[in-house]
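Observations on the model geometry
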Amino acid sequence: MEERAPLLPDILVPGLDVVFVGAAPSFWAAQVGHYYAGPRNRFWQLLYHAGFTPRLLQPEEDVTLPAYGIGLVALFTHIASNANHLLPEPSSLQREQLIERLIAAAPRWVCYNGKDVYRMVTGRECRRWGEQKEQLGAARTFVVVSSSGRADGWGHERLMLYKELYDCVYPAGAKSATRPH
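As a starting point, this report considers the structure included with it. Keep in mind that what you see is a predicted model, and the values were worked out from it rather than measured.

1. Describing the environment of Leu 165
In this structure, Leu 165 sits in helix α5 (residues 155-169). Exposure remark for Leu 165: the relative accessible area of 0% places this residue in the buried category. Leu 165 sits 22 residues away from Val 143 along the chain, and the two C-alpha atoms are 8.7 Å apart.

2. Observations concerning the environment of Val 73
Tracing the sequence through the fold places Val 73 in strand β2 (residues 70-74). Taking C-alpha positions, Val 73 is 8.9 Å from Tyr 35, a pair spaced 38 residues apart along the chain. Setting aside chain neighbours within four positions, we find Val 73 in contact with Asp 10, Leu 12, Val 19, Phe 20, Val 21, Gly 22, Tyr 35, Leu 98, Arg 101 and Leu 102.

3. Description of the packing of aromatic side chains
Here the structure, examined in full by the defined rule, presents 11 aromatic pairs. A centroid spacing of 6.0 Å and a plane angle of 80° characterise the contact between Phe 20 and Phe 52, whose relative ring orientation is edge-to-face. Of this pair, Phe 20 sits in strand β1 (residues 18-22) while Phe 52 sits in the loop between α2 (43-50) and β2, and the two are 32 residues apart along the sequence. When sorted by exposure, Phe 20 lands in the same class as Phe 52, which is buried. Grouping aromatic residues by their ring pairs yields a cluster made of Phe 20, Tyr 35, Tyr 36, Phe 43, Trp 44, Phe 52, Tyr 162, Tyr 166 and Tyr 170.

4. A look at the pairing of β2
For β2, a buried count of 5 out of 5 residues is recorded, marking the element as mostly surrounded by other parts of the structure. Burial along β2 is two-sided: Ile 70, Leu 72 and Ala 74 facing one way and Gly 71 and Val 73 facing the other are all buried. Sheet topology note: the β1/β2 ladder contains 5 bridges and is parallel. Paired with Val 19 across the strands is Gly 71, a residue of β2.

5. A short note on the pairing of β1
If a strand is regular, its side chains alternate between the two faces of the sheet. Counting buried positions along β1 yields 5 of 5 residues, so the element is predominantly enclosed. Residues of β1 alternate between two faces, with Val 18, Phe 20 and Gly 22 on one and Val 19 and Val 21 on the opposite face, all of them buried. Direction of pairing for β1 relative to strand β3 (residues 109-113): parallel, over a ladder of 4 bridges. Its bridge partner being in β3, Phe 20 is matched across the sheet by Cys 111.

6. Focus: the sheet that holds β3
One open sheet holds the 5 strands; their spatial order is β2-β1-β3-β5-β4, and the pairing between them is mixed. The outermost strands of the open sheet, each flanked by one partner alone, are β2 and β4 (130-136). Within this sheet the neighbouring strands show an average axis-to-axis angle of 25°, counted without direction. Strands β1, β2 and β3 of the sheet are contacted by α2, whose axis makes an angle of about 155° with β2. Relative to the sheet, helix α4 (residues 115-122) contacts β1, β3, β4 and β5 (139-144), its axis offset from that of β3 by approximately 115°.

About the cut-offs
- Residues numbered from 1 in each chain as written.
- Predicted model: local features only at pLDDT ≥ 70, side-chain atom pairs only at ≥ 80, totals over all residues.
- Heavy atoms only, no water.
- Helix = DSSP H or I, 4+ residues; strand = E, 2+ residues; numbered from the N terminus.
- Buried < 20%, exposed > 50% of the residue type's maximum accessible area, 1.4 Å probe, protein only.
- Contact = heavy atoms within 4.5 Å.
- Phe/Tyr/Trp six-rings, centres within 6.5 Å; stacked < 30°, edge-to-face > 60°.
- Pairing = 2+ DSSP bridges.
- Axes fitted to C-alpha atoms, helices over the stretch in contact; angles between N-to-C directions.

Structural data, given as structure tokens:
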């Protein structure tokens, strides 16, 4: 049986500063072939306003993120959904495969794009936003409010979490000299 290609490929290379983990691409993202491409998703604005990128990137530029030390992956690689609560419970194999991909890439940080994504990947409830106690391999872990337009009620808090993540990834604003920031 031929293995199907994922709706969106991982944007993942070894040694990234942070990898953002989503549940599944939205229908819009899957259709256009780029992460966080939905018109109401705030991911690209949050990256920019938190300081991760020097300018506002467009979804079509998602493949350039490793140059900024950033990677993107999804737990569900063959399913699109506009609402995480409509997704099936991930299998242990799906969880293991994602964790293996992340550990192999060895980022410094793994950031879950929402408490529901954290629960789907780890099988545990997330009690609070921000840095978590456990690590994934050598990577420290963090949870932000989802970048989805469905979470717009969290606007200010969401941006503050992205800024807090930036400060954790780059203490005292020390963006690596090898990154184009």
